[in-house]
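Each chain, letter by letter, is given below.
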Amino acid sequence: KKEGVYLMIENFYFIFNNIKSSNIENLRILESNHHSVSGRDFELISVPGRNGDLIVDNGKKKNSEIRLLCKLDVRKNKNFTEACMAIEEWLQGEIGYKDLVFPDGYRFKAICVDQINIEKKRRYYGTVEIFFSAYRESDL
């Protein structure tokens, strides 16, 4: 942060399934919520005649919903369509939890959920919005 202006984290990358995002068409994170903390998994049950709800703790944390907004730079490859297909194959090619690692030390087991929103902004540039459902192994 510099005098009230937030600096972009343009050079910020992530690793998913052992592949660094910057190796996929120079995909760089612009925004991330991976520092958010997931909530405990519990239920509140209303019991007639009792003040306060009954708390049933399921003994775990819920998955975090991680949203990444990235910049896509296809100047090297020069083919936006091929870049989109490569991103899809990398993130959604195989169903199952994979390692999701950030250079600041955060590590998750994650699966890419929902659609991957890719928007072409200019000839060789675009934005990519990615959603993961993830848990930290240390939360087990």
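In this text the structure is predicted, and so the values were computed from the model without any measurement. (Residues numbered from 1 in each chain as written. Predicted model: local features only at pLDDT ≥ 70, side-chain atom pairs only at ≥ 80, totals over all residues. Heavy atoms only, no water.)

1. Examining the nonpolar core
So, step 1. If you look at the biggest cluster of nonpolar residues, it comprises 28 residues, and the most contacted ones within it are Phe14, Leu68, Leu91, Leu100, Ile130 and Phe132.
So, step 2. At six residues, the largest contribution of residues to this core is made by helix H1 (residues 80-92).
So, step 3. Sequence-distant contacts of Leu100, that is, excluding residues within four places in its chain, are made with Phe14, Ile15, Phe16, Ile66, Tyr106, Arg107, Phe108, Ala110 and Phe132. (Core = buried A, V, L, I, M, F, W, Y, C linked by side-chain atoms within 4.5 Å. Buried < 20%, exposed > 50% of the residue type's maximum accessible area, 1.4 Å probe, protein only. Helix = DSSP H or I, 4+ residues; strand = E, 2+ residues; numbered from the N terminus. Contact = heavy atoms within 4.5 Å.)

2. A short note on the packing of aromatic side chains
So, step 1. Evaluated as defined, the whole model comprises nine aromatic pairs.
So, step 2. For the pair Phe14 and Phe132, a centre-to-centre distance of 6.2 Å together with 75° between the ring planes defines the contact as edge-to-face. Residue Phe14 is found in the segment before strand S1 (15-16), and its partner Phe132 is found in strand S10 (residues 125-135); the two are separated by 118 residues along the sequence. When sorted by exposure, Phe14 lands in the same class as Phe132, which is buried.
So, step 3. Relative to Phe108, the ring of Phe102 lies with its centre 6.2 Å away and its plane at 90°, an arrangement referred to as edge-to-face.
So, step 4. On the basis of relative accessibility, which here comes to 3%, the residue Phe108 falls in the buried class. (Phe/Tyr/Trp six-rings, centres within 6.5 Å; stacked < 30°, edge-to-face > 60°.)

3. Comments concerning the state of the cysteines
So, step 1. Tallied over the entire structure, the rule returns zero disulfides.
So, step 2. Of all cysteine sulfurs, the one in Cys70 lies closest to Cys84, which takes part in no disulfide; the gap is 13 Å.
So, step 3. The thiol of Cys112 is not disulfide-bonded; the next cysteine sulfur, from Cys70, is found 11 Å away. (Disulfide = S-S within 2.5 Å.)

Without other data, these values stay purely geometric and don't point to any function.
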